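Residue-level structure breakdown
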Amino acid sequence: MESFVEAGCLEKNAAKTGEEPRASARPARRIAACVTLFAFALAVPLVADADGDALAAVRADEQQRVEVFAQAAKAVVCVFADDRRGGGGSGVVIDPAGYGLTNFHVVQSFIGTRRGYGGLSDGRLYPLKVLGIDPGGDIVMFKLEGKERFDHAPLGDSDKLRVGQWVAAMGNPFLLAEDFTPTITLGVISGLRRYQEGRGNLLEYADCIQVSTSINPGNSGGPLFDMAGRVIGINGRASFEERGRVNVGLGYAVSVNQIRRFLPGLRAGRLLEHGTLGATVRLTGERLIIGSIQEFSSAERVGVELGDELLEVAGRRVRTPNDYNNIMAILPADWPVTLRLRRDGEPIELTTRLERLPLRMSLQYVPDIEHNHAELLGVLDRAASADITRGEEPWASAIFQGQVRSAGAGEGRAWTVFVGTYRATEPDENGLDPTLRDEWRVLTRPLLARPEPDLRWELLAGDEVDGRLVNVIERRLDDDRRVRWKFDWRTDELRQVVFGTADDPEVATWTPANRKEFDGLRWPFKWSRRTRTGDELTLEIESIEFVSPEPLAAPVESAAEEDGQ
Amino acid sequence: MNLPHAAILAAVLLCLPASHAQDESAGGPFADAIDIARSRVVKLYGSGFGREHGYGSGVLVSGDGRIVTTLSVLLESPAVRAVLPDGRRFPAEVIKRDEEAQIALLKIDAADLPYFELADSSELQPGDWLIAAANTFKIADGPEPISVSVGVFSGRTELSARRRTQDFTYRGEVLLTDLIVATPGSAGGALVDARGGFVGLIGKAVTSKRTNTWINYALPSERVAAFLNERSDVEDAAASEQPAAGDATRPDLGIVLFDIGGRERPAYVERVRPDSPAHVAGVRSNDLILSLDGDATETCERFQAVRDRLRVGREVAIVIKRGDDLRTLTLTVGGRER
């Protein structure tokens, strides 16, 4: 293999020993093209009037481009280590609260303290804290502090990119920018769905975007923009070989659609791993064949067999081993994936969850639980304002009444359940068997009132429900069971609640549908519950009585009560 | 340049990076040219040697599988393979070489392939858009599309370059570009204009003698066309139904020069190989060669360049200075199998 080198994490002293002059010449090549065009434009007034319109269009386009990039530049970060000797790189803010993305290899030198600095184009340095890390995909999330609202760049859709379209990289190549204003370089997309090996399981660039845009040391972690100023990738790597560590027109960006699946876990502050099917493929003629299957792997569990022809993974056609590597390497651990195979001429479809691909690095990365809980409450708060109305007081309680129906059975039966901590007005409960009643109480509790998270609460990495990205909040119960609430990443709507155990994480799945207003309370009124064994029933809510009377005693959240004992 | 100005401006406009007019599904103004280039450039694989790579690029110049590429170590391997844009692999055979231009013609056994008509590069003006398509760094594998990049035509120049420590033989005019094409695997790839017309063959990675930096250049399409129109020994042999004499021969006089490097390198003869054309003609050690076939040979490299242009079998005059004497000798250009 060629010697591909990470572009980023420039040693500060390297920059001081004379890299600058070479770098300063780089942007000149694109400017040369513009100057040529401009000269051309100047020559045009000699010709007919119709060309005047064209010239005006050229200038309007340029003006627009200048404005788009001026806005985009405000979101670009110059990333520095905390001790000023650890070098640095680039990054981009993607959320007004200061959340941003950069490369893992940019922050690796200060991963111990998780503290660095981010310089913005306003010329100021802001404290930077590293949150979640994805060493396999060479991505980390950070948060800048010190400002109410940060300029941020929107994320684009990297699956819609086309080879040949213009793109711009921004960042701090060679750490040139003393005032933190980013360097902009323009180029085109040279290739898509490129696969560039990593080292071990680290820094693998799969399904990445290849650009002719100048990517130099120090550009690492910076954004790749389309011409509308949307982030379509994070620049992190380039081919150099024999050419010194300067751009030779081949840079690679991690695609934003890969990063998207990791966003919930990155924001939660976790160490993230990638997934593996535990099977390898080989090309036999034109067919991609399953060549080996590991014992106890996802592939084995779901029933993939040696010799199966692989057609599609996660909805994407795979024709070559690189296609397969590309799709596998961009999926997180535990991610649900559907395989389309052909066996003995018959197409089959299998759905499984990927195994973890263990990171081969000695890195203890414990999530900052305080940060994790703050994010967890943020998810619940957003859901409360977007989807499900909850009580004001932390001890808010409610009486639910409705109909429960087994699948196939026409007749429903009435049910009433009290959820809360205050028992004075507790009504007679009926209609739900103890398991259902217990699950209902546990799952509605954090929706009714803001919990006070302890160590049994955690915001996990993201997941996918019906093709939608979700945040996952987990709560471990006393009897070794665990509950996972899954909220839509974009709309904050509750998508699913799953009850499970360590051995079987999906024993029973509750899915809400059809929201409506109950006395000014927005709440999903139709729920279906499905078990691993295939039992299905629906729960319909007819009324919710939201009660928060003066408590007789200090409210105590009783786990025992919620856990259905 | 006979095109009306309006048409040129329109072409320029199309290619401008437009922020608002970015049609995501259309792939921008270069999409067609890129499609054309990508369907006509092949990936070549052979064995590498030392720092020479075992991979490169080639361009299809006929529907029946003729491929032009640069001469390189990979062509010396017993099994040269060409991978078409659709992923099909074919063994390739070298059927013609041009040592001076350092290009070669390969043939694969295929039919109905898309191929380049050789466009006229003389119409190119500095600032015109160019697209490079090549198997750079062999990033793309099998049917994966090769790398493309977009830049401009910078101008023309006479090439004066070296490849590592050796002088590069090509002496003619080349196209310069701001595209970075002096990269591993790019040699033999295509430079096309904004309409997808082939204007240049990306040359071997060489460094400028003046600046010692990598030169981003291509051989003009006319030079490639001239090469294609020459009849090779192999083709001649095939035409007269005689057994091919193996690979092409290159001109050989049997003269070894006293070349110690340095700025001034006059063409002193170090030794003459016995029974070689030079030996037969009477050239001796310590002769200073002043001209060959009418061309002055001030330096070693100039001598080599003139020699490499000679046709095997021709009689040429060689002027030498021996002591204080000037002598004109006549020799018959020999051939040396590669």
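Each value, and the rule that gives it
- Residues numbered from 1 in each chain as written.
- Chains lettered and ligands numbered in written order.
- Predicted model: local features only at pLDDT ≥ 70, side-chain atom pairs only at ≥ 80, totals over all residues.
- Helix = DSSP H or I, 4+ residues; strand = E, 2+ residues; numbered from the N terminus.
- Buried ≥ 20, exposed ≤ 12 C-beta atoms within 10 Å, placed from the backbone.
- Contact = placed C-beta atoms within 7 Å.
- Pairing = 2+ DSSP bridges.
- Axes fitted to C-alpha atoms, helices over the stretch in contact; angles between N-to-C directions.
- pLDDT = per-residue confidence, 0-100.
- Domains from an automatic or database assignment.
- Nonpolar A, V, L, I, M, F, W, Y, C, P; charged D, E, K, R; others polar.

Another point: the overall build of chain B. The number of helices and strands found in chain B is six helices and 23 strands. Going through the 338 residues of chain B one by one, you find that 44% of them count as buried. Once local pairs closer than 6 in sequence are excluded, the contacts in chain B between residues at least 24 apart make up 60%.

Backbone-to-backbone hydrogen bonds join strands into a sheet, with any given pair of strands oriented parallel or antiparallel. All names here are of chain B. With antiparallel pairing, the six strands of this closed barrel are ordered in space as β7-β8-β11-β15-β13-β12. If you compare each strand with its neighbour and ignore which way they point, the axes differ by 45 degrees on average. Where strand β11 (residues 173-177) and strand β15 (residues 217-220) come together, two bridges link them in antiparallel fashion. If you follow L175 over to β15, its bridge partner there is A218.

All names here are of chain B. Overall, the predicted model of chain B reaches an average pLDDT of 83, with 84% of residues at or above 70. Throughout residues 1-25 the model reports pLDDT below 50, and contacts reaching past four residues in sequence, or to other chains, amount to 44 contacts. Every residue in residues 236-247 scores below 50 in pLDDT, and together they form 11 contacts with partners more than four places removed in sequence or on other chains. This complex was scored by the predictor with a pTM of 0.77 and an ipTM of 0.75.

Moving on, we get to the domain arrangement of chain B. All names here are of chain B. Domain parsing of chain B yields domain 1 (1-245) and domain 2 (249-337). Counting residues at the interface gives six residues for domain 1 and six residues for domain 2. Looking at side-chain class alone, the side of domain 1 that touches domain 2 contains no nonpolar, one polar and five charged residues.

Let's shift gears to the domain arrangement of chain A. Residue and element names in this part refer to chain A. Along its sequence, chain A is carved into domain 1 (1-272), domain 2 (274-357) and domain 3 (369-562). Across the contact, 13 residues belong to domain 1 and 10 residues belong to domain 2. Of all elements in the fold, only β9 (183-196), β10 (205-211) and α6 (256-268) reach the threshold of two or more residues within the side of domain 1 that touches domain 2. Ranked by the residues each element gives to the side of domain 1 that touches domain 2, the list is headed by α6, at four residues. In terms of residue class, the side of domain 1 that touches domain 2 is made up of four nonpolar, five polar and four charged.

Here we come to the sheet that holds strand β10 (residues 166-167) of chain B. All names here are of chain B. If you trace the three strands from one edge of the open sheet to the other, you get β10-β9-β14, paired in antiparallel fashion. Two strands close off the open sheet at either side, each with one partner strand: β10 and β14 (207-208). Alignment of strand β9 (residues 161-163) against β10, held across two bridges, turns out to be antiparallel. By the bridge assignment, R162 is partnered in β10 with D167.

Bringing the confidence of the model for chain A into the picture now. Mean pLDDT over chain A works out to 85, with 85% of the residues at or above the 70 mark. Per-residue pLDDT stays below 50 along residues 1-48 of chain A; that stretch engages in 94 contacts with residues further than four places along the chain or on separate chains.

Before going further, it helps to spend a moment on the environment of A:D492. Residues and elements named next belong to chain A. Relative to the elements of secondary structure, D492 occurs in the loop between β27 (481-488) and β28 (494-501). Note on D492: 20 C-beta atoms within 10 Å, which makes it buried. Separated by 111 residues in the primary sequence, D492 and D381 place their C-alpha atoms 9.2 Å from one another. Not counting residues up to four positions away in its chain, the partners in contact with D492 are R382, A383, A386, D387 and F487.

Further remarks concern unusual backbone geometry. Residue and element names in this part refer to chain B. In the Ramachandran plot, N212 falls in the positive-phi region, its phi being about 60 degrees despite a non-glycine side chain. Following the sequence through the fold, N212 ends up in the loop between β14 and β15. Positioned with a positive phi, D293 is a non-glycine residue whose angle comes to about 50 degrees. Its place among the elements puts D293 in the loop between β19 (288-292) and β20 (295-296).

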